[in-house]
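Structural features, examined
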Amino acid sequence: MSRSRYIRAALVGLSALSVSACVSLLPESEPVSVYRLSSPEPVELQDESWTVIEIDVPNAPRGLSGDQIAIMQDGASLAYIHGARWISPTPRLLQSLLVDSFNAHDGRLAPTRSDDGIRADYELRLDLQEFEAVYDRGVETAPLVRVRISTRLVAEHGRRFAGARVVTAEVRATANRTSAIVAAFDQAAQSASREIADWTAGRTAQRGS
């Protein structure tokens, strides 16, 4: 597949929503496909013996702070898939996925956001370091999606350090097209968020014992 064909890849795929403006000025904008990450099924908590975790919006470098789907072709600079966007800015997208992953965890974790106004037992602080599709085998082949998130767990309103970990996940897309690349992002992000939930459950259990 040529580079130009890849950049203008098919606008259908995982959780794609076609978006077009009701009113446009010349020159007309091109259609954009909007993608979301899939969510795991939540587990209902049966009693009140849970640990409340406040999940912060991840800090992210400027190139990963918007809603564009990032790619890296030369190993040094970011570019973006033409005509495709995430449904929300990447940090917010990952925060929502982490909340869903904690809700699906069976370790009695109750996730919350800072604007919920709920007093949490722990705060999970996050730095998004990588969230891009890397063309490590040339621009004609399927890229490798890399997700890397640095986590810090603190308690007592940030006064007590409870642990830190860097979580990474890599998934190669099955094809060099937008839908397959988004599916690889979904798998890698799901893997990283599950690992963060598992690690957080383990750290809080150790502290509570």
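Model, not experiment: these values are computed from the prediction.

**Some points on the pairing of strand S7 (residues 122-134)**
Of all 13 residues making up S7, 10 are buried, and the element is well covered by its neighbours. In this sheet, S7 lies alongside strand S4 (residues 68-72) in parallel orientation, the contact comprising two bridges. When the bridges of S7 are listed, Met72 appears paired with Val134.

**Considerations on the pattern of salt bridges**
Evaluated as defined, the whole model comprises seven salt bridges. Note that Glu130 is salt-bridged to Arg148, the shortest N-O span being 2.9 Å. One end of the pair, Glu130, is in strand S7; the other, Arg148, is in strand S8 (residues 144-155), with 18 residues separating them in the sequence. Classification of Glu130 by relative accessible area gives buried; the value is 16%. Exposure remark for Arg148: the relative accessible area of 29% places this residue in the partly exposed category. Residue Glu170 is joined to Arg146 by a salt bridge in which the shortest nitrogen-to-oxygen separation is 3.5 Å. Taken together, the residues span a long stretch of sequence, with Glu170 in strand S9 (residues 160-172) and Arg146 in strand S8 at a distance of 24 residues.

**Concerning the environment of Leu153**
By the element assignment, Leu153 lies in strand S8. The spacing of Leu153 and Glu123 is 30 residues in sequence and 5.8 Å in space, taken between C-alpha atoms. Other than its neighbours up to four places away in sequence, Leu153 contacts Tyr122, Glu123, Leu124, Arg160, Phe161, Ala162, Gly163, Trp199, Thr200, Arg203 and Thr204.

**Quick look at the confidence of the model for the chain**
Taken as a whole, the chain shows an average pLDDT of 85; of its residues, 82% reach a score of 70 or greater. Confidence drops under pLDDT 50 across residues 1-28; counting only partners more than four residues distant or on other chains, this segment forms 47 contacts.

**Overview of the packing of aromatic side chains**
Taken as a whole, this structure holds three aromatic pairs when the rule is applied. Ring centres of Trp86 and Phe185 lie 5.3 Å apart, and the angle between their planes is 85 degrees; on these two criteria the pair is classed as edge-to-face. You can see Trp86 sitting in strand S5 (residues 78-86) and its partner Phe185 sitting in helix H3 (residues 178-208), a full 99 residues away along the chain. Ring centres of Phe131 and Phe185 lie 5.0 Å apart, and the angle between their planes is 45 degrees; this geometry places the pair in the tilted category. One end of the pair, Phe131, is in strand S7; the other, Phe185, is in helix H3, with 54 residues separating them in the sequence. Judged by relative accessible area, Phe131 falls into the buried class, the value being 1%. Since its relative accessible area comes to 0%, Phe185 is described here as buried. An aromatic cluster is defined as three or more aromatic residues linked by ring pairs; in this entry it consists of Trp86, Phe131 and Phe185.

**Re the side chain of Thr200**
Relative to the assigned elements, Thr200 resides in helix H3. Dropping the residues within four chain positions of it, Thr200 is found in contact with Ile53, Phe102, Leu124 and Leu153.

**So, the nonpolar core**
Soluble globular proteins: nonpolar side chains tend toward being buried together. Trp86, Phe102 and Phe131 are the most contacted members of the largest nonpolar core, which has 47 residues in total. Breaking this core down by element, the ones donating at least two residues are strand S3 (51-55), S4, S5, helix H2 (90-103), S7, S8, S9 and H3. Among the elements that line this core, the one with the most residues is H3, at 11 residues. Those residues in contact with Trp86, other than ones at most four positions away along the chain, are Val34, Tyr35, Leu37, Asp67, Gln68, Ile69, Leu93, Phe131, Val182 and Phe185.

**Quick look at the environment of Asp67**
Examined against the element boundaries, Asp67 turns out to sit in the loop between S3 and S4. Residue Asp67 is classed as partly exposed on the basis of its relative accessible area of 30%. If we ignore the near neighbours within four places in the chain, the residues touching Asp67 are Arg85, Trp86, Ser88 and Pro89.

**Considering H2**
Note that an α-helix has 3.6 residues per turn; residues three or four places apart therefore point the same way. Relative to the 20 Å expected for 14 residues at 1.5 Å per residue, H2 spans 20 Å between its end C-alpha atoms, a close match to the ideal helical length. Within H2 the residues assigned to the buried category are Thr90, Pro91, Leu93, Leu94, Gln95, Leu97, Leu98, Val99, Ser101 and Phe102.

The rules we used
Residues numbered from 1 in each chain as written. Predicted model: local features only at pLDDT ≥ 70, side-chain atom pairs only at ≥ 80, totals over all residues. Heavy atoms only, no water. Buried < 20%, exposed > 50% of the residue type's maximum accessible area, 1.4 Å probe, protein only. Helix = DSSP H or I, 4+ residues; strand = E, 2+ residues; numbered from the N terminus. Pairing = 2+ DSSP bridges. Salt bridge = Lys/Arg side-chain N within 4 Å of Asp/Glu carboxyl O. Contact = heavy atoms within 4.5 Å. pLDDT = per-residue confidence, 0-100. Phe/Tyr/Trp six-rings, centres within 6.5 Å; stacked < 30°, edge-to-face > 60°. Core = buried A, V, L, I, M, F, W, Y, C linked by side-chain atoms within 4.5 Å. Expected span 1.5 Å × (residues − 1).

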